[in-house]
Amino acid sequence: MDLYGLTIHAAHELLKRGEISAVALTAAVFERIEEVEEKVSAYLTLARDRAMAEAEAADALIGQGELGPLTGIPLAIKDILCTEGTRTTCGSKILEDFIPPYDSTVVKKLRSAHAVVVGKTNLDEFGMGSSTEHSAFASTHNPWDLTRIPGGSSGGSAAAVAADECIGAIGSDTGGSIRQPASHCGVVGLKPTYGRVSRFGLVAFASSLDQVGPITKDVTDCALLMNEIAGYDAMDSTSVPRPVPDFTKALESGLHGLVAGIPKEYYVEGLDGEVSQALDDAIKLIGELGATCREVSLPHTPYAVATYYLVAPAEASSNLARYDGVRYGLRDATSANLMEMYRNTRSRGFGPEVQRRIIIGTYALSAGYYEAYYGKASQVRTLVMEDFKQAFQTCDVLLAPVAPTPAFKLGEKLDDPLSMYLSDIFTLPPSLAGVPGLSVPCGFSREGLPIGLQILGKHFDEEKLIRVGYNFEQATDYHKRRPEL
Ligand code: GLN
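Only a predicted model underlies this, so the values are computations on that prediction, with no experimental measurement involved.

1. A few points about the pairing of strand E9 (residues 397-401)
Point 1. Among the five residues in E9, five count as buried, and that is most of the element.
Point 2. Bridge count between E9 and strand E11 (residues 450-457): five bridges; the pairing is antiparallel. If you follow Pro401 over to E11, its bridge partner there is Leu453.

2. Remarks on the packing of helix H9 (residues 304-319) against helix H11 (residues 352-365)
Point 1. The contact between H9 and H11 brings their axes to 7 Å, and the two run at 100°. Our classification of the angle between H9 and H11 gives roughly perpendicular. Side by side, H9 and H11 meet where Tyr309, Leu310, Pro313, Ala314 and Ser317 of the first sit next to Arg357, Ile358, Ile360, Gly361, Thr362, Ala364 and Leu365 of the second.

3. Quick look at the pattern of salt bridges
Point 1. As enumerated under the stated definition, the model contains 26 salt bridges in all.
Point 2. Its salt-bridge partner being Arg17, residue Glu19 comes within 2.8 Å of it at the nearest N-O pair.
Point 3. For Arg17, a relative accessible area of 52% corresponds to the exposed category.
Point 4. Where Arg348 meets Asp332, a salt bridge forms, and the shortest distance between an N and an O atom there is 2.6 Å. One end of the pair, Arg348, is in helix H10 (residues 338-349); the other, Asp332, is in the loop between H9 and H10, with 16 residues separating them in the sequence.
Point 5. Since its relative accessible area comes to 5%, Asp332 is described here as buried.
Point 6. Where salt bridges share partners, they join Arg50, Glu54, Asp103 and Arg111 into one cluster.

4. As for the packing of aromatic side chains
Point 1. Summed over the entire model, instances satisfying the criterion amount to 16 aromatic pairs.
Point 2. With 6.1 Å between their ring centres and 65° between their planes, Phe126 and Phe350 make a pair best called edge-to-face. Taken together, the residues span a long stretch of sequence, with Phe126 in the loop between strand E3 (116-121) and helix H5 (155-162) and Phe350 in the loop between H10 and H11 at a distance of 224 residues. When sorted by exposure, Phe126 lands in the same class as Phe350, which is buried.
Point 3. Summarising the aromatic geometry, the rings of Tyr308 and Tyr309 are spaced 4.8 Å apart at their centres and angled 80° between planes, so their arrangement reads as edge-to-face.
Point 4. Note on Tyr308: relative accessible area 4%, which makes it buried.
Point 5. According to the relative accessible area criterion, Tyr309 is buried, its value standing at 11%.
Point 6. Taken together, Phe98, Phe126, Tyr323, Tyr328 and Phe350 form an aromatic cluster joined through their ring pairs.
Point 7. Here the basic side chain of Lys413 rests over the ring of Phe408, its NZ or CZ set 4.9 Å away from the ring centre.

5. Focus: the site of the ligand
Point 1. Looking at the ligand, there are 15 residues lining it, with Thr174, Gly175, Ser177, Tyr308 and Arg357 nearest.
Point 2. A distance of 2.7 Å is found between an oxygen atom of the ligand and a backbone nitrogen or oxygen belonging to Thr174.
Point 3. Between the ligand and the protein, one listed contact pairs an oxygen atom with a side-chain N or O atom of Tyr308 at 2.7 Å.
Point 4. Considering the ligand on its own, with 300 Å² of exposed area, one finds that the protein chains cover 99% of that surface.

6. A closer look at H11
Point 1. Compared with an ideal rise of 1.5 Å per residue, which puts 14 residues at 20 Å, H11 spans 20 Å between its outermost C-alpha atoms and is within 8% of the ideal.
Point 2. Those residues of H11 that sit buried are Glu353, Val354, Arg357, Ile358, Gly361 and Ala364. Down the axis, H11 shows its buried residues gathered within 135° of arc, on one side only. Facing away from the buried side of H11, by more than 90 degrees, are the exposed residues Pro352 and Ile359.
Point 3. Turning to H11, the residues buried within the fold contact H9, H10, helix H12 (371-394) and helix H13 (417-422).

Cut-off values and rules
Residues numbered from 1 in each chain as written. Predicted model: local features only at pLDDT ≥ 70, side-chain atom pairs only at ≥ 80, totals over all residues. Heavy atoms only, no water. Buried < 20%, exposed > 50% of the residue type's maximum accessible area, 1.4 Å probe, protein only. Helix = DSSP H or I, 4+ residues; strand = E, 2+ residues; numbered from the N terminus. Pairing = 2+ DSSP bridges. Axes fitted to C-alpha atoms, helices over the stretch in contact; angles between N-to-C directions. Parallel < 35°, antiparallel > 145°, perpendicular 65-115°, else oblique. Contact = heavy atoms within 4.5 Å. Salt bridge = Lys/Arg side-chain N within 4 Å of Asp/Glu carboxyl O. Phe/Tyr/Trp six-rings, centres within 6.5 Å; stacked < 30°, edge-to-face > 60°. Lys NZ or Arg CZ within 6 Å of the ring centre and 35° of its normal. Near = heavy atom within 4 Å. Polar contact = N/O pair within 3.5 Å; in protein donor to acceptor, adjacent residues only side chain to side chain. Areas by Shrake-Rupley, 256 points an atom, 1.4 Å probe, with all protein chains shown as cover. Expected span 1.5 Å × (residues − 1). Arc of directions from axis to C-beta.

Here you go:
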């Protein structure tokens, strides 16, 4: 048996029965990394020595009978979450050598659950992108077809899970960055409700949208990671003080009595024929499993891309002002004066996509334009939110595509930002509304590329997404397929 291919829950069972050790499991993951990482490029930093020490500590605990669901489980962390003592680059030259003095809350929680941190995964710089090509260091390749993008911005995490270079992973999602790479890599990804998981130590891109969430090999693992990472945190004023359910309980019920809405604006021209077919089949199956499916309308969907691409850059331009070469990160040493130092540091430190966002965002917030751009976008955002509120008056969940096409070729959209932005059309509206979204594998294209189903729910109703995703998964075998590498 190849230990690296295990799910979290399967590995846990074997650890519990004493059939494997955390050290053997972690070593197997690093062997796998040695074997395939050259092709995939999922990681920016590997923490081998520390991970092996963590695995030894986990084995000692297991020896004393202290075994939690994540004890000794090797996990990968998107390189936008601060890790004490381990470099955190955000995929940017400006933070190339940044070693955080503290752990993000999510990482802290995973460490106290005695998980093993394998390393930090590649991403689009500061999370800005949909292909992981906007990383300053490398492009990650899709394990299903190495000539294609893994999706983004959490492309490194999704590719690492799909290629068995970790047992599970953590990503972040501002406008689709967990769901879309999960879909393109044939794995499971959950963007929790805004406020469900602490953002403390998640380097800020767009603070009103950013959320941390799991990327895993199946829905059970997703529930297990959610159990650990969710919950109120006094260090994040936007995290919501409400009790965290046991998400694995949601795996126990069937779909009878559940109403699933099919938003008609999501099944439109531009949706690839094979994606549309896979979605139709998925909806039919969910109906056969006991749910009632009915058409609903989210009328403001066509405005979501324009709205997001004002709100997110506006917040980014403000958040990224902190990288000025003074306190931390890159500093241009050749400048003659302070203004020149700011300019040179930021010109050298930020890549073209980040610079584009800063310029768009600064413009949208500037005096004289604020009302017309940021102000108007905020109003439209409220209308998008109202769409979801209306739909959830008659539905428990919504079933939608994740992305309009399967993974595109590396380089295909790199010089065409608008076409890259448009590929986010189905993941942006739920982000603007703050509702949770789960991506589960629902088929493959003729070329063998994974296709994902997006399940959306009410605020703080992740349990229902997990319930639908799990029942769907049990009736299919897409999540069991693995790419040949
Ligand atoms: N692709 C979107 C963007 O470029 C969303 C990215 C994300 O969710 N971090 O902004």
